[in-house]
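# Analysis of the macromolecular model
So you can see what is in the structure, the chains are spelled out below.
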Amino acid sequence: MSGPQAAPETTTPGGAFRDSRAIGCHAGGEIDASGYAAGRLVGLGLPRSHFRARALAFTEAEAQATTTLVRRILQARGALQQEAPDWSEDFAVLLIDGARLTAETVAARIASALGPIPMIGASLAPAAVPSPPHADTARVIFGSGNVACGAMLLMVRGRCPVRAFRSDHFTPTDRRMVVTAADPALRLVTGINGAPATQEYARLTGLDPTRLGPADFIAHPLLVRVGEEHFIRAIRRVTPQGALEFRSAVGEGMVLTLARAGDMAVSLNRDLEALRRDSPTGAAPDMILAFDSHLRRSEATARGQSDRLSAIMARHRLRGLSSHGEQQGGRHLNHSLAGLAIYPPPPDA
């Protein structure tokens, strides 16, 4: 085996992973060999010939205790270095139960403990559970017994080169706004540019403030600038009190920029082709682990682009799931695809 392989699809997870430690989560949809899929079991197996791994499950209390979090991560990192001292390619995958934990806070703490190790992740919200009968089922599971946890971190050391990346299809416009009243704990914005938030957002987007809905927020997202990059701050809904509830952290004084949407398929294909073109080994990725926002999936459906995106994902060997929040390093993202390209090992491996 030259590198990672997708696990066989099956309706009996216990049988598929009986001899291995299984970690996973519920999702709002899957990405398999055909692209976008639903109702599937998608798995990734890491062969021991090329990888060593440590999986850490955190309760809600442990995920919120910085000292405990850092100590366990450093211990696992040290164990991997001792087990595979001649291998130098490290990466981490984070799964967070977004109904129990604040994803951006946990991701930032873990990324700080990981240091330069690339990390991607996904948070799963209640809406990601597929149907009411599963409402009390753990969204993030650890081990063959489906033990529930608040967050799970997979730390991997191997001989296959990896590259973490993100992809979206938005560019900033010249329409900016300042958050002038907010409740950061609840991710609520009540004032923009000194005016009621809903009224000002509608004015800047040319929408009817009395009829704002999910489709409007998907079509007119907002960006926040960090350094030289822009990241999406997606709006979840208008509350009964007229505030804008966001999907990520917001606060007074934050400058938001209205985004312009480009072609989803063109943007994704460009970013994936760059991974092939800039390969550290000269070869295309063996596979790409992808956490794709459910907002992108909804937008693709609404714009009739699902088939085009699926074909691109299949051609570039993406496997993954639709998430309700994505992480790249310590950043919590919305309306984006966070990915990890895993390349074939060097010829001498």
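Going by the structure above, here's the rest.
To keep things clear, this report deals only with the structure shown in the data block. Everything quoted here is computed from the prediction, not taken from an experiment. (Residues numbered from 1 in each chain as written. Predicted model: local features only at pLDDT ≥ 70, side-chain atom pairs only at ≥ 80, totals over all residues. Heavy atoms only, no water.)

## Structural notes on the side chain of histidine 50
Put simply, the rule is: Per the convention used, a helix needs a DSSP run of H or I reaching at least four residues, while a strand needs a run of E reaching at least two, with both numbered from the N terminus. Distance and chemistry together define a polar contact, namely a pair of N or O atoms within 3.5 Å, with one atom able to donate a hydrogen and the other to accept it when in protein, and with adjacent residues in sequence counting only for side-chain atoms on both sides.
Along the polypeptide, histidine 50 turns up in the loop between β5 (43–45) and β6 (51–58). A distance of 2.7 Å separates the side chain of histidine 50 from the side chain of serine 49, its partner in a polar contact.

## Quick word on the nonpolar core
The criterion, for reference: The nonpolar core is taken to be a set of buried Ala, Val, Leu, Ile, Met, Phe, Trp, Tyr and Cys residues, with the residues joined through side-chain atoms within 4.5 Å. Partly exposed residues are those whose accessible area sits between 20% and 50% of the maximum for their type, while under 20% is buried and over 50% is exposed, using a 1.4 Å probe and protein chains only.
Residues Phe91, Met152, Leu289, Phe291, Leu340 and Ile342 are the most contacted members of the largest nonpolar core, which totals 24 residues. For this core, the elements supplying multiple residues, two or more each, are β6, β7 (89–97), β8 (119–124), β11 (151–158), β21 (287–293) and β25 (337–342). In terms of nonpolar packing, the next biggest core, distinct from the first, is built from 23 residues, Leu56, Val106, Ala113 and Met155 among them.

## Focus: the sheet that holds β8
Using the following cut-off: Pairing between strands is defined by DSSP: at least two bridges between them are needed. Lines fitted to C-alpha atoms define the axes here, with helix axes fitted over just the stretch in contact, and angles between the N-to-C directions of these axes take values from 0 to 180 degrees. By the convention used here, residues are in contact when the closest approach between their heavy atoms is within 4.5 Å.
An order of β6-β11-β7-β8-β23-β24 is seen for the six strands of this open sheet, with the pairing classed as mixed. Each edge of the sheet is formed by a strand with only one pairing partner; in this case those strands are β6 and β24 (331–333). Each neighbouring strand pair of the sheet contributes to a mean axis angle of 20 degrees, computed without reference to strand direction. Across three bridges, the pairing between strand β23 (residues 326–328) and β24 is antiparallel. Across the sheet, residue glutamine 327 finds its bridge partner in β24, namely histidine 332. On the sheet, helix α3 (residues 66–83) packs against β6 and β11 and is oriented at approximately 165 degrees with respect to β6. Contacts from helix α4 (residues 103–114) reach β7, β8, β11, β23 and β24 within the one sheet, and its direction differs from that of β7 by about 160 degrees.

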